[in-house]
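# Results of the structural survey
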Amino acid sequence: MAQVQAQAPAKSAAGIYTCIDDKGRRLTADRPIPECAHREQQVLNSDGSLRSVHPPTLTVEERAEKEAKERAAAEARAAQADAVRRDRNLTARYPNEASHNRAREAALDTVRLAVKAREVRLRELAAERKPLLDEAEFYKGKPLPPKLRTALDANDAALDAQRSSTANQEAEVGRINRIYDAELERLRKLWSGTPAGSLGPLPAGNGTAGVSAAPRAASAPAKIPKR
């Protein structure tokens with residue numbers, strides 16, 4: 001009797017589990033009920049009031065699905081927080097359109113300077129080529145001397161490399177403008193009061209740090225072709 005009395009408070013402290021099984025029967029126990037493992041079970045106090053709800057036991061597949069949903073929700077929350085942070089950084093970096101225009105011009109100026117430098121080099125190579133062609137006129141219908149042939153080949157290769165590099169830099173100007181255009185469109189919405197983080201992700205290749213002012217690496221010098 002003393003042992004039963006000693007156990008009674010412990011059972012009461014644990015609560016009373018109750019549920020209705022698949023057959024419609026109400027079951028009651030002092031611990032989770034196996035017949036209702038797939039159902040919610042009410043945990044009652046000794047006076048019959050609801051203490052808590054014991055969730056159903058998940059299968060391996062259900063648990064994996066639940067964890068996947070929780071991960072997806074956590075990733076969505078992190079992405080939203082990141083979008084808010086990026087938008088706030090963007091407006092802090094560019095408080096108005098004038099500051100954004102200055103950043104655009106700074107990025108473009110570096111590329112434009114590289115284009116102009118290559119245009120100068122193209123003119124130099126064209127000037128270097130003229131006396132080589134003049135000399136080659138003396139050998140019409142005859143093989144060119146090896147030294148002259150090598151000089152012409154080297155000039156050809158250098159011209160090709162410079163033209164290719166210039167085309168790349170002109171494409172870079174377009175790339176920078178596209179990025180700043182997309183950024184400016186976003187900024188105008190943020191400046192007008194659109195909440196940070198509500199505009200979706202930033203376009204690929206864009207960020208709060210703006211576009212790097214440094215041009216892309218120039219093409220490697222072309223190898224001198226053998227003729």
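Residues numbered from 1 in each chain as written. Predicted model: local features only at pLDDT ≥ 70, side-chain atom pairs only at ≥ 80, totals over all residues. Heavy atoms only, no water.

### Observations concerning the state of the cysteines
Covalently bonding the sulfur atom of one cysteine to the sulfur atom of another cysteine gives a disulfide. Definition in use: Count a disulfide wherever a pair of cysteine sulfur atoms falls within 2.5 Å. Going along the chain from the N terminus, every DSSP run of H or I of four or more residues is numbered as a helix, and every run of E of two or more is numbered as a strand. Relative accessibility decides the category of a residue: with a 1.4 Å probe and only protein chains considered, values under 20% of the type maximum give buried, values over 50% give exposed, and everything between is partly exposed.
The full count for this structure, using the stated rule, is 1 disulfide. Here Cys19 connects covalently by a disulfide to Cys36, the sulfurs 1.9 Å from one another. Its torsion about the S-S bond being 80 degrees, the disulfide of Cys19 and Cys36 is classed as right-handed. Note that Cys19 is positioned in strand 1 (residues 16-20) and Cys36 in the loop between strand 2 (26-29) and strand 3 (41-44), a separation of 17 residues in sequence. Both residues of the pair, Cys19 and Cys36, belong to the buried class.

### Description of the packing of helix 2 (residues 60-93) against helix 4 (residues 146-191)
Note the following rule: Every angle, taken between N-to-C directions, lies between 0 and 180 degrees, and every axis is a line fitted to C-alpha atoms, over only the stretch in contact when it is a helix. Put simply, angles under 35 degrees are roughly parallel, angles over 145 are roughly antiparallel, angles from 65 to 115 are roughly perpendicular, and the rest are oblique. Note on contacts: a residue pair is in contact if any heavy atoms of the two residues lie within 4.5 Å. By the convention adopted, Pro, Cys, Tyr, Trp, Phe, Met, Ile, Leu, Val and Ala count as nonpolar, Lys, Arg, Asp and Glu as charged, and the other residues, Gly among them, as polar.
It is the contact of helix 2 with helix 4, at a shortest axis distance of 10 Å, that shows an interaxial angle of 90 degrees. Regarding the angle of helix 2 to helix 4, the classification is roughly perpendicular. The residues of helix 4 that touch helix 2, namely those facing Asp87, Leu90 and Thr91, are Glu183, Arg186, Leu187, Leu190 and Trp191. Taken together, the residues of the contact of helix 2 with helix 4 sort by class into 4 nonpolar, 1 polar and 3 charged.

### What to know about the pairing of strand 4 (residues 50-54)
Note the cut-off: If DSSP finds at least two bridges between two strands, the strands pair.
Both strand 3 and strand 4 contribute to a ladder of 4 bridges, which runs antiparallel. Pairing of Leu44 across the sheet is with Leu50, part of strand 4.

### Thoughts on helix 2
For the record, the criterion: Helix span, as expected, comes to 1.5 Å for every residue beyond the first.
For helix 2, spanning 34 residues, the distance from its first C-alpha to its last is 49 Å, which sits close to the expected 50 Å at 1.5 Å a residue. Residues of helix 2 that are buried include every one of Ala83, Val84, Asp87 and Leu90, and no others. At its buried positions, helix 2 is contacted by helix 4.

### Digging into the pairing of strand 1
Pairing analysis gives 3 bridges linking strand 1 to strand 3, with the strands arranged antiparallel. Paired with Thr18 across the bridge in strand 3 is Gln42. Two elements, strand 1 and strand 2, share 4 bridges in a ladder whose sense is antiparallel. Opposite Thr18, over in strand 2, you have Thr28 as the bridge partner. Once strand 1 ends, the chain turns through 5 residues before running back antiparallel as strand 2, passing Gly24 with a positive phi of about 85 degrees.

### Structural notes on the pattern of salt bridges
In plain terms, the rule: Any Lys or Arg side-chain nitrogen located within 4 Å of an Asp or Glu carboxyl oxygen qualifies as a salt bridge.
Applying the stated criterion across every chain, the model contains 19 salt bridges. The partner of Asp21 in a salt bridge is Arg25, and the shortest N-O contact between them spans 2.7 Å. A salt bridge links Asp22 to Arg39, with the nearest nitrogen and oxygen atoms 2.8 Å apart. Note that Asp22 is positioned in the loop between strand 1 and strand 2 and Arg39 in the loop between strand 2 and strand 3, a separation of 17 residues in sequence. Taking the relative accessible area as the measure of exposure, Asp22 reaches 56% and is therefore exposed. Among the residues examined, Arg39 registers a relative accessible area of 31% and is labelled partly exposed. Each member of the salt-bridge network shares a partner with another, and the members are Asp82, Arg85 and Arg86.

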